[in-house]
Amino acid sequence: MIEKRKHPRYEARSLIKYKKLDDPLSSWQTGPEIKNISLGGLLFSAYEKMSIGTPLIFKLQIFIEDSSVKIIGLKAKVVGVEDGIVSYDTRAAFTEISNPDKVFLKQFINYIGS
C-alpha cells in the first residue's frame, strides 16, 4: 500500500479535549487519548460517534524538549470514524492552527519522532 499522507504520523499518548463547533449546545469533552498525530491531523478516541465533516476545536496538552507543558488550540474536521470496543477511533484533519501553536506542534512532533 502506498502512503498518501503528506505528513508522517507519530504515536502519541496524550489526553485530549474537544468540542463540536457546529453545535451551540456542545460542551468540552475529554476523550480518552490521542493515538497518533502529524502536522496535518490526528487519530483520537472519542466516546461519541461523529459524522464525517463535523468541525471540531481541540485543546491539546503537549510536552516539548525542555519538558515544559503547552496547551495548544487546533481547529479540525472529522474525516473518518471506526467503531471500537469502548470508544470510536476518529480521524481529524487540521483546518486552522495559529502560527505560535504550529511552532509548538512541530516541536512536539519532533520530540516524539526522535
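Look up: the structure comes first, before these words.
Summarised in this report is the structure supplied together with it. Just so we're clear, the structure is a prediction, and the values are computed from it rather than from any experiment.

A word on the overall build of the protein
Consideration 1: On a plain count of helices and strands, the protein comes out with one helix and six strands.
Consideration 2: On C-alpha atoms alone, the protein measures out to a radius of gyration of 14 Å, which is about the 13 Å that the 2.2 N^0.38 rule sets for 114 residues.
Consideration 3: By principal-axis analysis of the C-alpha atoms, the protein measures approximately 35 × 35 × 25 Å.
Consideration 4: Residue burial in the protein is summarised as follows: out of 114 residues, 33% are buried.
Consideration 5: Long-range pairs, those at least 24 residues apart, make up 55% of the contacts in the protein with a sequence separation of at least 6.
Consideration 6: Carbon and sulfur atoms form 50% of the exposed surface of the protein, whose accessible area is close to 7,100 Å².

Notes on the pairing of strand β6 (residues 88-97)
Consideration 1: Relative to β6, strand β3 (residues 41-46) is paired through six bridges, and the arrangement is antiparallel. Considered in β6, the bridge of F44 is made with T90.
Consideration 2: One ladder, built from nine bridges, connects strand β5 (residues 69-83) with β6; its direction is antiparallel. Residue E82 lies in a different strand from β6, and its bridge partner there is D89.
Consideration 3: Counted along the chain from β5 to the antiparallel partner β6, the turn is four residues long.

Some remarks on the nonpolar core
Consideration 1: I37, F44, F58 and L60 are the most contacted members of the largest nonpolar core, which has 23 residues in total.
Consideration 2: For L60, the contacting residues outside a window of four places in its chain are I16, I34, I37, L42, K70, I71, I72 and L74.

Focus: helix α1 (residues 99-113)
Because the α-helix completes a turn every 3.6 residues, residues three or four places apart line up on one side.
Consideration 1: A rise of 1.5 Å per residue sets the reference length of α1, with its 15 residues, at 21 Å; its end C-alpha atoms lie 21 Å apart and thus fit the reference within 8%.
Consideration 2: Within α1, the full set of buried residues consists of D101, L105, F108 and I109. Axial view of α1: buried residues confined to an arc of 95°, hence all on one face. Looking at α1, the residues exposed on the side facing more than 90 degrees away from the buried face are N99 and P100.
Consideration 3: Along its buried surface, α1 packs onto β1 (10-20), β2 (29-37), β4 (55-63), β5 and β6.

Observations regarding the pattern of salt bridges
Consideration 1: Evaluated as defined, the whole model comprises five salt bridges.
Consideration 2: Among the ionic pairs, K20 bridges to E48, the shortest N-O distance being 2.4 Å. Of this pair, K20 sits in strand β1 while E48 sits in the loop between β3 and β4, and the two are 28 residues apart along the sequence.
Consideration 3: For K20, a relative accessible area of 19% puts it in the buried group.
Consideration 4: K75 serves as the salt-bridge partner of E96, at 4.0 Å between the closest nitrogen and oxygen.

Points about the packing of aromatic side chains
Consideration 1: Scanning the model with the defined rule gives three aromatic pairs in all.
Consideration 2: Considering the side-chain rings of Y18 and F58, the 6.4 Å spacing of their centres and the 55° angle between planes classify their relative orientation as tilted. Taken as a pair, Y18 in strand β1 and F58 in strand β4 lie far apart in primary sequence, 40 residues in all. Comparing Y18 with F58, the two get one shared label, buried.

Overview of the side chain of K20
Consideration 1: Of note is the side chain of K20, whose polar atom sits 2.4 Å from the side chain of E48.
Consideration 2: Contacts of K20, omitting those with residues within four sequence positions, involve S26, E48, M50, T54, P55 and L56.

Concerning the pairing of β5
Consideration 1: Inspection of the sheet shows β4 paired to β5 by nine bridges, in the antiparallel sense. The partner of P55 across the bridge, within β5, is K77.

Each value, and the rule that gives it
Residues numbered from 1 in each chain as written. Predicted model: local features only at pLDDT ≥ 70, side-chain atom pairs only at ≥ 80, totals over all residues. Heavy atoms only, no water. Helix = DSSP H or I, 4+ residues; strand = E, 2+ residues; numbered from the N terminus. Rg over C-alpha atoms; globule rule 2.2 N^0.38 Å. Buried < 20%, exposed > 50% of the residue type's maximum accessible area, 1.4 Å probe, protein only. Contact = heavy atoms within 4.5 Å. Areas by Shrake-Rupley, 256 points an atom, 1.4 Å probe, with all protein chains shown as cover. Pairing = 2+ DSSP bridges. Core = buried A, V, L, I, M, F, W, Y, C linked by side-chain atoms within 4.5 Å. Expected span 1.5 Å × (residues − 1). Arc of directions from axis to C-beta. Salt bridge = Lys/Arg side-chain N within 4 Å of Asp/Glu carboxyl O. Phe/Tyr/Trp six-rings, centres within 6.5 Å; stacked < 30°, edge-to-face > 60°. Polar contact = N/O pair within 3.5 Å; in protein donor to acceptor, adjacent residues only side chain to side chain.

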